Every structure is written in structure tokens, then in C-alpha cells.
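Examining the three-dimensional arrangement
Chain residues, written in single-letter form:
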Amino acid sequence: CNMVLFCVEVAGWGEKRVAHWFRLWLMALTCCSVALPLLAAGWSQPLALPIWHGLLALTFLGFGALFLWRAKRESSRAHRLVAVALLINLLVGLWDLYTFRIHPSFPDNSMLRFSSLFFGASLAYIVVNRFQLASVQARNLLASLTQRVTQKEIELQQSYGQLEILARDQERSSERARILRDMHDGVGSHISAAIRQLQSGRASNADVLLTLRDSLDHLKLSIDAMTLPDGDVNALLASLRYRLAPRFKAIDIELVWDVDLLPVLDGLDAGAMRHLQYMLFEALSNVLQHAQATVLRIEAHGMSACDSGGADSVCLRVVDNGCGFEPCSVLGKGLAALQARANAIGASLRISSQPGQTVIEIKLGLSAAYLAA
């Protein structure tokens with residue numbers, strides 16, 4: 001039965017519907033190989049065993065004839081090889097049947113046990129041949145996969161290169177847009193103010209000159225902002241002092257600096273540093289244009305953890321002794337822009353003003369809990 005099942009697989013008939021029923025029939029014959037001999041020996045039914053032998057003979061001879069006939073018509077080497085082995089076994093089996101059942105010699109050994117070696121040899125050949133074929137297919141598949149992976153890697157590298165180029169182009173475009181926006185908001189607004197002053201005819205030459213100087217200072221500070229280290233407030237204050245100290249000295253405003261060595265703030269990137277620079281410049285520009293002050297004090301100190309709700313925090317204060325103003329009455333102008341920039345960088349802004357003292361206080365690096373409080 002196992003030999004027949006192997007022949008079914010070799011011939012490629014395993015997927016056919018009739019093969020399912022044929023397997024069940026072979027299973028039934030195998031089970032009968034135990035039941036029918038016991039029935040013949042134990043219950044004195046001598047015909048049971050010949051019936052079983054007859055069913056086996058009809059099954060295997062019929063299948064062998066069909067297998068040999070299809071092997072002659074098909075070109076499969078494995079099919080033909082097994083057919084030859086099967087033919088040898090059938091012939092030897094008929095010889096054994098003749099010698100054991102018909103010829104009176106009754107030999108001691110069956111020849112079929114030796115001829116079955118041909119079937120085993122054909123089985124080994126088919127297994128080895130299919131293993132070699134599977135190995136070749138696996139190697140070809142691996143080579144194909146390697147080639148496809150290599151091709152995909154090349155395509156990915158090209159895609160990464162294109163994405164990198166696009167990212168650099170986008171970064172340059174963003175930087176150009178930022179510079180143009182800063183020029184428009186800073187230098188452009190001051191030049192527009194100077195033009196309106198000239199067109200009105202009511203502004204003095206000194207007022208127009210002051211506005212144009214503010215525009216020039218803003219342009220220089222915008223250039224300085226491109227090289228400021230992220231989070232370095234000391235470098236930012238040094239740039240402001242270098243650019244604006246001569247202006248304060250020229251109009252007799254005493255500039256007092258009370259600045260500690262400040263920690264580098266991790267939360268201040270390049271954009272936040274520009275916002276902070278514009279806030280300080282706006283505060284100092286207001287002193288130059290409107291405060292009528294004689295003393296301007298710049299304070300910058302690090303804040304302890306208990307004061308700020310977290311480490312590495314900085315408090316900046318711009319204090320002047322000018323005429324003061326009412327913060328609520330001018331909130332819709334420059335002070336609103338200050339508040340918007342403070343919100344953009346997560347800073348705390350506090351403005352207090354009275355005659356003789358105006359204080360603009362900026363706290364940086366504060367925790368969310370501190371800001372909520």
C-alpha cells in the first residue's frame with residue numbers, strides 16, 4: 001500500500017479527486033490485513049484470506065497496469081524509473097505466486113523481498129534528485145532575492161538622496177522666508193515709519209533720524225542673530241550691548257549692566273533666540289524713543305529651582321527712570337507684540353510702569369507648573 005501511495009505522488013495524481021477515494025480504499029485493505037487473517041484462523045472462515053488476497057491482487061495489478069501505461073505515454077524520468085521498478089516487482093511477484101501456489105517445489109525464500117530493493121533504489125534516486133532540484137531552486141531564489149534587495153537598496157539610496165536635496169531646498173526656502181519676514185517686521189516697519197514721518201511734515205529731523213537708526217540697529221541685530229548659539233543669553237545680551245551702547249551714550253542715557261554668568265537654556269533654539277532678541281530690542285527702542293530716561297538698567301540673573309519651578313532658568317529685567325506710561329492704554333501696540341513673542345517661546349512677561357520707573361521683566365526656562373501658577 002505504501003509503494004502504491006508513493007507511485008501516486010510520483011505520477012502527480014495526488015491532487016485528483018479520485019486519489020482521495022483510492023487512499024481510503026488502500027487504508028481499508030491495510031486494516032483488513034489484520035482483521036481477515038484473524039477471522040480465517042480464529043473463526044474457521046477459510047475463504048476470508050483468499051478474498052483478501054484477491055482484492056490485493058486486483059488492486060495492485062490494476063494500478064500497476066495503469067501506472068505502466070501512463071509511464072509509456074509521459075516523459076517524466078521519475079515516473080518511468082518507478083514504472084520499471086514496479087514492473088520488476090510485478091514479474092517477480094508472479095514468479096513467487098507460481099512457485100508457492102502452483103509449482104510443487106515450495107521454495108524456502110521469496111524472491112520478491114530482493115526485487116523490492118529496486119523500488120527502494122528508485123525511491124532514493126527520486127528523493128536525492130528532488131532535493132538537488134529544490135537546492136538549485138533555493139539558490140536561484142536567493143540570488144534573485146539578493147539582486148532585488150540590492151536593486152531596492154540602490155533605489156532607496158537614490159530616494160534618500162532626493163529627499164536630502166529636497167530637505168536642503170526646503171530648509172533654504174524656510175530660512176529665506178524667515179529672513180524676509182524678519183526684515184519686513186523689523187527693518188521694513190521702521191523704514192515705513194520714517195517714510196510716514198517725512199510725509200506728515202510734522203516730525204523733526206531728529207525723530208526721523210532716530211527711526212532710521214533703529215532700522216539700522218535692527219538690521220545689524222538680525223545679522224547677529226544668525227550666529228548666536230542656541231540658549232546662550234549672555235551672547236545675546238553682549239550683542240545688544242555692542243550695538244546699542246553707543247546710541248544710549250550719544251543721548252546721555254547712563255547704561256547700567258547687572259548681568260551674571262547665565263546658564264545655557266536648552267529650550268531656546270534659534271527661533272526662540274530671535275524672539276527674545278526682538279523683545280529686548282523693542283524694550284530698549286521704547287526707552288530710546290519715548291521714555292525720556294537718564295538711566296537704563298539691564299539685569300540678568302539665574303533663578304534657583306525654588307523660584308522658577310525648575311533648574312536652569314533666567315530672569316531678565318529692563319528698568320528705566322523715565323516718564324512712565326499706562327500699560328493698559330498702549331497694550332494694542334508694541335506691548336501686544338511683546339506678549340505674543342513671549343507666548344511663542346514659553347516665557348513669562350510682566351510689565352509695570354509709573355513715573356520714575358518702568359520695569360519689563362522676562363522669565364525664561366520656566367516649568368509648565370510655574371507658568372500655570
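Because the structure is a prediction, the values reported are computed rather than measured.

What follows is about the sheet that holds strand S4 (residues 348-354). Spatial ordering of the open sheet is given by S1-S2-S3-S5-S4, a layout of 5 strands whose pairing is mixed. The open sheet has two edge strands, strand S1 (254-259) and S4, and neither has a second partner. Ignoring which end each strand starts from, the neighbouring axes of this sheet average 10° apart. Where strand S3 (residues 313-320) and strand S5 (residues 357-364) come together, 7 bridges link them in antiparallel fashion. Bridge pairing in S5 links Cys315 to Lys363. Contacting S1, strand S2 (295-303), S3 and S5, helix H7 (residues 233-250) runs over the sheet at an angle of about 170° to S1. On the sheet, helix H8 (residues 270-291) packs against S2, S3, S4 and S5 and is oriented at approximately 10° with respect to S3.

On a regular strand, each side chain points to the face opposite its neighbour's, so the side chains alternate between the two faces of the sheet. Counting buried residues along S5, 7 of its 8 residues qualify, which places the element largely inside the surrounding structure. In terms of strand pairing, S4 meets S5 through 7 bridges, oriented antiparallel. Its bridge partner lying in S5, Arg350 is registered against Glu361. The loop that links S4 with its antiparallel partner S5 comprises 2 residues; one of these, Gly356, has a positive phi angle of about 100°.

Before going further, it helps to spend a moment on H8. Between its terminal C-alpha atoms H8 stretches 30 Å, which fits the 32 Å expected from 22 residues at 1.5 Å a residue. If you check the start of H8, you find a side-chain oxygen 3.4 Å away from the backbone N of Gly271, and it comes from Asp269. Gln292 occupies a position one or two residues after H8 and carries a positive phi of about 55°.

Of note, Ile251 is situated in the loop between H7 and S1. As for Ile251 and Thr294, which are separated by 43 residues in sequence, their C-alpha atoms are 8.9 Å apart.

What follows deals with the pattern of salt bridges. Taken as a whole, this structure holds 9 salt bridges when the rule is applied. A salt bridge links Arg317 to Glu361; the nearest nitrogen and oxygen atoms lie 3.4 Å apart. In this pair, Arg317 is assigned in strand S3 and Glu361 in strand S5, connecting sequence segments 44 residues apart. Looking at Glu361, the relative accessible area reads 11%, which means it is buried. Lys363 is the salt-bridge partner of Glu361, the closest N and O atoms lying 3.9 Å from each other.

This next bit is on the packing of aromatic side chains. Following the criterion strictly, the structure yields 6 aromatic pairs and no others. Here Phe6 and Phe119 contribute two aromatic rings whose centre-to-centre distance is 5.7 Å and whose plane-to-plane angle is 75°, an arrangement assigned as edge-to-face. Of this pair, Phe6 sits in helix H1 (residues 2-11) while Phe119 sits in helix H5 (residues 112-200), and the two are 113 residues apart along the sequence. Phe6 gets classed as buried once you look at its relative accessible area, which sits at 18%. Judged by relative accessible area, Phe119 falls into the buried class, the value being 6%.

Here we take up a nonpolar patch on the surface. A cluster of nonpolar side chains, Leu61, Leu87, Leu91, Leu94 and Leu97, forms an exposed patch at the surface whose accessible area comes to about 450 Å². If you tally residues by element for the nonpolar patch, the top one is helix H4 (residues 77-102), at 4 residues. As for its placement among the helices and strands, Leu94 is situated in helix H4. Taking relative accessible area as the criterion, Leu94 reaches 45% and is therefore assigned partly exposed.

Judged by nonpolar contacts, the single largest core of 39 residues is most densely connected at Val233, Leu276, Leu280, Leu316, Ile362 and Leu364. Looking at this core, the elements with two or more residues in it are H7, H8, S2, S3, helix H10 (331-344) and S5. Per element, the largest residue contribution to this core is 11 residues, and it comes from H8. Apart from residues no more than four positions distant in its own chain, Leu276 is found in contact with Val233, Leu236, Leu268, Leu316, Ile345, Ile362 and Leu364.

Okay, the packing of H1 against H4 next. Running from N to C, H1 and H4 point in directions that differ by 155°, and their axes come no closer than 9 Å. Considered as vectors, H1 and H4 are oriented roughly antiparallel to each other. The crossing of H1 and H4 is left-handed. Every residue of H4 that contacts H1 at Met3, Phe6, Cys7, Val10 and Ala11 is listed here: Ala78, His79, Val82 and Asn89.

Take the confidence of the model for the chain next. Parts of the model with low pLDDT should not have their predicted coordinates read in detail. In the predicted model, the chain carries a mean pLDDT of 80, and 84% of its residues have values of at least 70. The least confident element of the chain is helix H11 (residues 368-372), whose mean pLDDT is 43; the most confident is S3, at 92. Ignoring residues within four places in sequence, the model shows residues 368-373, a span with pLDDT below 50, making 8 contacts including any to other chains.

In this section: the packing of H1 against helix H3 (residues 48-73). At their nearest, the axes of H1 and H3 sit 12 Å apart, and the two run at 20° to each other. Of the possible angle classes, the one that applies to H1 and H3 is roughly parallel. The way H1 lies across H3 gives a crossing that is left-handed. Two secondary-structure elements touch here, H1 through Val4, Cys7, Val8 and Ala11 and H3 through Phe60, Phe63 and Phe67.

Reading the values: the criteria
Each chain has its residues counted from 1, running along the sequence as written. Note on the predicted model: pLDDT of at least 70 is required for a residue's local features to be given, and 80 or more for side-chain atom pairs to be given and counted; whole-chain, interface and lining totals, by contrast, use all residues. Side-chain numbers come from the whole structure's heavy atoms, not from hydrogens or water. Any two strands are treated as partners once DSSP identifies two or more bridges connecting them. Counting from the N terminus, the helices are the DSSP runs of H or I reaching at least four residues and the strands are the DSSP runs of E reaching at least two. Every axis in this analysis is a line fitted to C-alpha atoms, fitted for helices over the stretch in contact. Angles between the N-to-C directions lie between 0 and 180 degrees. Note on definitions: a residue-residue contact is assigned when non-hydrogen atoms from the two residues lie within 4.5 Å. In this scheme, a residue with accessible area under 20% of its type's maximum is buried, one over 50% is exposed, and one in between is partly exposed, where area comes from a 1.4 Å probe on protein chains only. Helices are assigned an expected span. That span is 1.5 Å times one less than the residue count. Under this definition, polar contacts are N or O atom pairs within 3.5 Å; protein pairs additionally need one hydrogen-donor-capable and one acceptor-capable atom, and for neighbouring residues in sequence, both atoms have to be side-chain atoms. One speaks of a salt bridge when a side-chain nitrogen belonging to Lys or Arg is within 4 Å of a carboxyl oxygen belonging to Asp or Glu. Any two of the Phe, Tyr and Trp rings considered here, Trp counted by its six-membered ring, make a pair once their centres fall within 6.5 Å; the pair's planes then place it as stacked at under 30 degrees, edge-to-face at over 60, or tilted in between. Think of a patch as exposed residues, more than 30% relative accessible area, with no salt bridge, where like charges cluster within 9 Å and nonpolar side chains (Val, Leu, Ile, Met, Phe, Trp, Tyr) cluster within 5 Å. For every accessible area listed, the method is Shrake-Rupley and the probe measures 1.4 Å; residues are considered covered only by the protein chains on display. The term nonpolar core refers to a set of buried residues drawn from Ala, Val, Leu, Ile, Met, Phe, Trp, Tyr and Cys, joined through side-chain atoms within 4.5 Å. Angles below 35 degrees are treated as roughly parallel, those above 145 as roughly antiparallel, those between 65 and 115 as roughly perpendicular, and all remaining angles as oblique. Left-handed describes a crossing whose near helix is turned anticlockwise from the far helix by less than a right angle; the clockwise case is right-handed. Across the chain, each position has a pLDDT score giving the predictor's confidence in that residue, from 0 to 100.

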